[in-house]
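Here is how the chains run, residue by residue.
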Amino acid sequence: MRVDILSLFPDYFSGPFDVSILKRARESKLLDIHLVDIRDFAPRKGNYAKVDDRPYGGGPGMVLMPEPVCQAIRSVKREKSHVVYLSPQGKKLTAAKCQELSQKQHLVLLCGHYEGVDERALKEVDEEISIGDYVLTNGCLAAIVLVDAMARFIPGVLGHEEAAGQDSFQEGIFDAPHYTRPEMFEGIPIPDVLKRGNHAEIAKWRRKQGLAKTKRVRPELILKETENETE
Ligand code: 4GY
C-alpha cells in the first residue's frame, strides 16, 4: 500500500515510521510512505511561501489556504486514491475503519494545521476522520495513529497473522489479560487455567475476562455489541 501524508511538518514523521513493525513493513515494501510538504505548493513571494491567512468573519488564529492544499492533494492523487482529512470534526476512527482503509491501494492523508483548512479545499477529500474527541496542536500525530493502527491489518505486517484479529476491539470487546514468566511475581501467581493447557477452557476463560473488564470499564461497548448481534 502507498500512503502520502500531506502536512506542514514532514520532519514530524521521522521516528514513528522508522522503528519496529512499521520500519519492517516499509523495508519489505508492504507500506510505501511518502511525505509531502504543503508549503511546496504555496505561491511564492520572493523566497517566502505563504500557506495561511486570516479567517473571513474574524476570530483568532489562521486558516490553511485552499490553493496549496488542493495542489498538494492533486500532485499525488490518482484514480484509485482515497483522500482522508484528519480533523476533530470527522467520524471517529475505529478498528473496523482501520481494516477498511487497509484494503485501499493508495491513501492520501491530509493533516490539519492552525485553526483548520479552508472548507473549499475539502472538495478534494473523500472522508474526514477524527482519532478522538480532543484537539491536537496539528493533525500530524493523528496521521501517525491512523497509519499505525491501519498497518496492522495489512497481511504480512504483523509476523503472526491472527494477531490483528484477536486484539482488542476486533470482536467489540477488550482483549484478555496476558501473562508470561516468571510463574510468581511479587506474590502474584499465574491463573491456573493458563497452566493447565486446555485450549477450549483457556479460550472460554479469556473471553469471560475480556467481557468482564469491558463491562466494568466501557459498558457502552457491550450495548453496541448486542445491537450488532440483533442486526
Ligand atoms: N482529534 N483527530 C485531530 C486533531 C488537530 C486544529 C484542525 C483529531 O484527527 N485530527 O486534533 N487535529 C487540529 C488542530 C486544526 C486539526
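Every value quoted in this text rests on a predicted model; they were computed, and no experiment measured them. For every chain, the first residue of the written sequence is number 1, and numbering continues from 1 along that sequence. In view of the model being predicted, local features appear only for residues whose pLDDT reaches at least 70, and side-chain atom pairs are presented and counted only at 80 or more, with totals across whole chains, interfaces and linings using the full set of residues. Each side-chain value is derived from all of the structure's non-hydrogen atoms; neither hydrogens nor water enter the calculation.

**Q** I'd like to hear about the environment of Lys123, residue by residue, with values.
**A** Inspection of the secondary structure assignment puts Lys123 in the loop between strand E8 (106–111) and strand E9 (127–130). Whether a residue is buried, partly exposed or exposed follows from its accessible area with a 1.4 Å probe, protein chains only, as a fraction of its type maximum: under 20%, in between, or over 50%, in that order. Judged by its relative accessible area of 62%, Lys123 falls in the exposed class. Taking the C-alpha atoms as reference points, Lys123 and Lys45, 78 residues apart in sequence, are found 27 Å from one another. Numbering goes from the N terminus for both helices and strands, where a helix is a DSSP run of H or I of at least four residues and a strand is a run of E of at least two.

**Q** Requested: an account of the pattern of salt bridges, with residues and values cited.
**A** The salt bridge definition used is simple: a Lys or Arg side-chain nitrogen within 4 Å of an Asp or Glu carboxyl oxygen. Across all of its chains, the model carries 11 salt bridges by this definition. The closest approach of N and O atoms between Arg26 and Asp18, which form a salt bridge, is 2.7 Å. When its relative accessible area of 30% is taken as the criterion, Arg26 is described as partly exposed. Its relative accessible area of 35% is what places Asp18 among the partly exposed residues. The residue Asp118 makes a salt bridge to Arg120 at a minimum N-O spacing of 2.7 Å. The exposure class assigned to Arg120 is exposed, which follows from its relative accessible area of 56%. Each of Arg74, Lys77 and Glu124 takes part in a single network of salt bridges with overlapping partners.

**Q** Tell me about the pairing of strand E2 (residues 32–37), and please be specific about residues and values.
**A** Of the pairings in the sheet, the one linking strand E1 (residues 2–7) to E2 comprises 6 bridges and is parallel in character. Each residue of the ladder has a partner; that of Val3, found in E2, is Ile33. Every crossover in which the path from the first strand over the helix to the second runs clockwise, viewed with the strands pointing away from the viewer, is termed right-handed. On the question of chirality, the crossover connecting E1 to the parallel E2 by way of helix H1 (residues 20–27) is right-handed. Strand pairing is defined by DSSP finding a minimum of two bridges between the two strands.

Worth remembering: the numbers are spatial, not functional.
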